[in-house]
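Chain and residue survey
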Amino acid sequence: MKKIFVLLTLFLCTLAVNTANAASLTAEVSRDKIVQGETFNLVLSYDGPQTNLQPDLTALNTDFNIFGVSSAYQHSNINGQISQKREWQVQLMPKKTGAITIPSVTLGKMKTSPLQVEVLEASPENMVRSDKNMQADSHNYAVDYELDTNSPYVQQEMNMTLKIYDTGGLQVERIAPMVVDENSWIIRPLGETTQESQVINGQNVRVIKVKLALFPQKSGKLQLPELAVDGYYLTKGNSPMQQIFADNFGNLRISALDDDWADIFASKNIVSLRTKPQTIDVLPIPQEYDAGWWVPAESVELFSEWRPNPPQFKVGEAVTRNIILKAVGVVDSQLPNIDFKENSNLQQYPEKPVNEMRVENGKIVSYRMISNVYIPTTAGQETVPEIKLKWFNTLTKQMQTVSLPALNIVVAPNPNMNASLVQDTAPTPSSKVAPINNKPQTPSQTDKQKAAHEQFKQDFPFWIILIAFGAGVIISYLVFAFIKAKKSYNQDEIQIKNFDKAVLKAAKNRQMKELRDNLILWGRNHFGHDAITNLNELADLVQDEAFKNILNDLSSALYAQNSSSWDLDKFVAVFERISKSKKKSQKHNDKPLPDLYK
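Read on for an overview of the structure. Predicted, not measured: the structure shown is a model, and the values here were computed from it.

**Digging into the nonpolar core**
Among the nonpolar cores identified, the biggest contains 56 residues, and W185, L214, L224, V300 and L302 are the most heavily contacted of them. In this structure, L214 is in contact with Q156, E157, M158, M160, W185, I186, I187, L224 and P225, ignoring residues within four places of it in sequence. Grouped together as the second largest cluster of nonpolar side chains are 31 residues, A506, A507, L519 and L551 included.

This is the structure we're talking about:
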């Protein structure tokens, strides 16, 4: 009897050891039908002796993207023999559609059997399926788009409506264009994202719409940029943390926090959708277009605003005109420069343009404002030259012209200023032609010019070298000065401790440019408006007629030969009164363009 008992014990121990030493590795998928852009889980299960080995997932990289790997394990001890059960969940996303074979995965010397999945195209038609074998938590998503034109002109606005279809609580994290050649496209958003509900295959589907404006920068066959839509959805699962919570607290429910608990214990499933590639035909600039600068737009308008309004022209005094160009269907970088025609009796000083881009009625609308300062040099009847621009109407496919007609004005004499002196000495921008000297030349002057011309021809190589060297020195100086000025410009306001004293000091020293700059800094500090950039905006903010007049006098003095006629006492009296008043004017419009031109 004892021998039988001993043999039976040995048999059971041997059976337990063999059972513990037996190892197996199996694989299964959470779903065998997947829509492109969604993820599924490949579950690897190991049962056997304790091991620190990790599965080799290299073979999966050929047809799948691996988004994450999580693992859980459980130890057991049978008669001193330690074994474990391990499980790896590999989150995979297919790289292509159709039937795909999941290759064998190895763990040491063990290997899983191959599996097959079917990947469907991410279209709205494949989102909601009636397949009875599909699991209840199978969520489907799709992405599609519409274009308002398939054959735009180069640099013409074409609008895309991106549609994201969702049946499973998609949380969109990123929408980004996948532009390979950044020089081929300019892409801008068009307003806020919208949502609506549609019935597809008998079920309600949430449709997220995102509108974009695309500007092709090259003509010919051009690949439309693919759009990436990345996000995730949550599913309830038997995670270890959730199981621990359930073991300790059971089915605890707090109605106000049910959704929060669900999010804490839910599994995050990645969704990565891509729009279909498409090639479009981009039309070139028409051969008959002869305007120089190419402006393909739906509409172009020109506006102007005088300051003061109505303008009062007087010899030697400055009058400012704001010219606003508005174009629908182009980005601000496509707006042309405005050509100001010459008038020898009317000096012109255009300032640096200010651009702005908005979204209006589902279209990109660009604005350019240029302030042009006019200073008459002679009294009497004069003409403000016409301003004209050519552009291409993308709706009618025709060239059009927009213009501000020439304006006849009367220039009053200025008893405090010699008109001819203003004409001869007023600063002239590099783009302007210097005043012609009508004084007749004597024969001796002509002979000297001829001799100088012959000498110049002989010394031409030397002059080329000298001019090149001089140009290099000047350019280097200008670059250095620009960098230094740009660095110190934003520090001016910090360095000035007393803005009132800085203004008065510049005024008493008759340093007109410094006075203008200090006034602008004073206005920013005094009224808390950082958007003030010129004296006109400062005058609009203060809204005091006397203050406006002294600023107009200052503008005129800026361009005069000297400032001797400028009334210092009048300026100081008005400025000190405004500075001490401490009154806040009505809210100033920070936008660089007047509301009139919205």
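Next comes the rest of the write-up.
**Brief notes about the pairing of strand β19 (residues 279-282)**
Burial along β19 is one-sided: I280 and V282 are buried, while T279 and D281, pointing the other way, are not. Taken together, the four bridges between strand β16 (residues 220-223) and β19 define a ladder with antiparallel strand orientation. Its bridge partner lying in β19, Q223 is registered against T279.

**What to know about the environment of L538**
Tracing the chain through its elements places L538 in helix α10 (residues 535-542). Residue classification places L538 among the buried positions, given a relative accessible area of 0%. In the structure, L538 is positioned 18 residues away from I520 in sequence and 7.0 Å away in space, judged by C-alpha atoms. Each residue touching L538, except ones within four places of it in the same chain, is listed here: L519, W522, G523, I532, F547 and L551.

**So, the packing of aromatic side chains**
A full pass over the atoms with the stated rule returns 13 aromatic pairs. Arranged with centres 6.3 Å apart and planes meeting at 55°, the rings of Y153 and W294 form a pair that is tilted. With Y153 in the loop between β10 (141-147) and β11 (158-166) and W294 in the loop between β19 and β20 (296-297), this pair connects stretches of sequence that are 141 residues apart. For Y153, a relative accessible area of 12% puts it in the buried group.

**Re the pattern of salt bridges**
Tallied over the entire structure, the rule returns 21 salt bridges. Close ionic contact of D63 with K96 constitutes a salt bridge, the shortest N to O distance being 3.6 Å. Here K96 lies in the loop between β5 (81-94) and β6 (98-102) and D63 lies in the loop between β3 (40-49) and β4 (64-78), a separation of 33 residues in the sequence. Among the ionic contacts, a cluster of salt bridges with common partners joins D148, E298 and K363.

**Considering the side chain of N393**
Within the secondary structure layout, N393 lies in strand β27 (residues 387-393). Judged by its relative accessible area of 7%, N393 falls in the buried class. A polar side-chain atom of N393 sits 2.8 Å from the main-chain amide nitrogen of L395. If near-sequence neighbours (up to four positions away) are discounted, N393 is found in contact with A297, E298, Q398 and Q400.

**Digging into helix α11 (residues 545-558)**
The terminal C-alpha atoms of α11 lie 20 Å apart, and with 14 residues this matches the ideal 20 Å at 1.5 Å per residue to within 8%. Residues of α11 that are buried include every one of F547, I550, L551, L554, S555, S556, A557 and L558, and no others. Where α11 is buried, its residues touch α9 (512-527), α10 and α12 (568-581). At the N-terminal end of α11, a side-chain oxygen is found 3.1 Å from the backbone nitrogen of A546, two or three residues along, and the residue is D544.

Procedures and definitions
- Position numbers for residues start from 1 in each chain and track the written sequence from start to end.
- Thresholds applied to this predicted model are a pLDDT of at least 70 for local features of residues and 80 or more for the giving and counting of side-chain atom pairs; totals over whole chains, interfaces and linings are not thresholded and use all residues.
- Neither water nor hydrogens contribute to the side-chain values; these are computed over all heavy atoms in the structure.
- To qualify as a nonpolar core, a set must consist of buried Ala, Val, Leu, Ile, Met, Phe, Trp, Tyr and Cys residues joined through side-chain atoms within 4.5 Å.
- Each residue is assigned to one of three classes by its accessible area relative to the maximum for its type, calculated with a 1.4 Å probe on protein chains only: buried under 20%, partly exposed between the two thresholds, exposed over 50%.
- Contact criterion: two residues are considered in contact whenever any of their non-hydrogen atoms come within 4.5 Å of each other.
- Numbering goes from the N terminus for both helices and strands, where a helix is a DSSP run of H or I of at least four residues and a strand is a run of E of at least two.
- When DSSP locates at least two bridges between a pair of strands, those strands are taken to pair.
- Each pair of aromatic rings taken from Phe, Tyr and Trp, with Trp reduced to its six-membered ring, is defined by centres within 6.5 Å and is described as stacked if the planes are under 30 degrees apart, edge-to-face if over 60, and tilted in the remaining cases.
- Any Lys or Arg side-chain nitrogen found within 4 Å of a carboxyl oxygen on Asp or Glu counts as a salt bridge.
- Whenever a nitrogen or oxygen atom comes within 3.5 Å of another N or O atom, the pair is scored as a polar contact, on the condition that within protein one atom can donate a hydrogen and the other can accept it, and that pairs from neighbouring residues in sequence are kept only if both atoms are in side chains.
- An expected span of 1.5 Å times one less than the residue number is assigned to each helix.

Just geometry here; none of it tells us what the structure is for.
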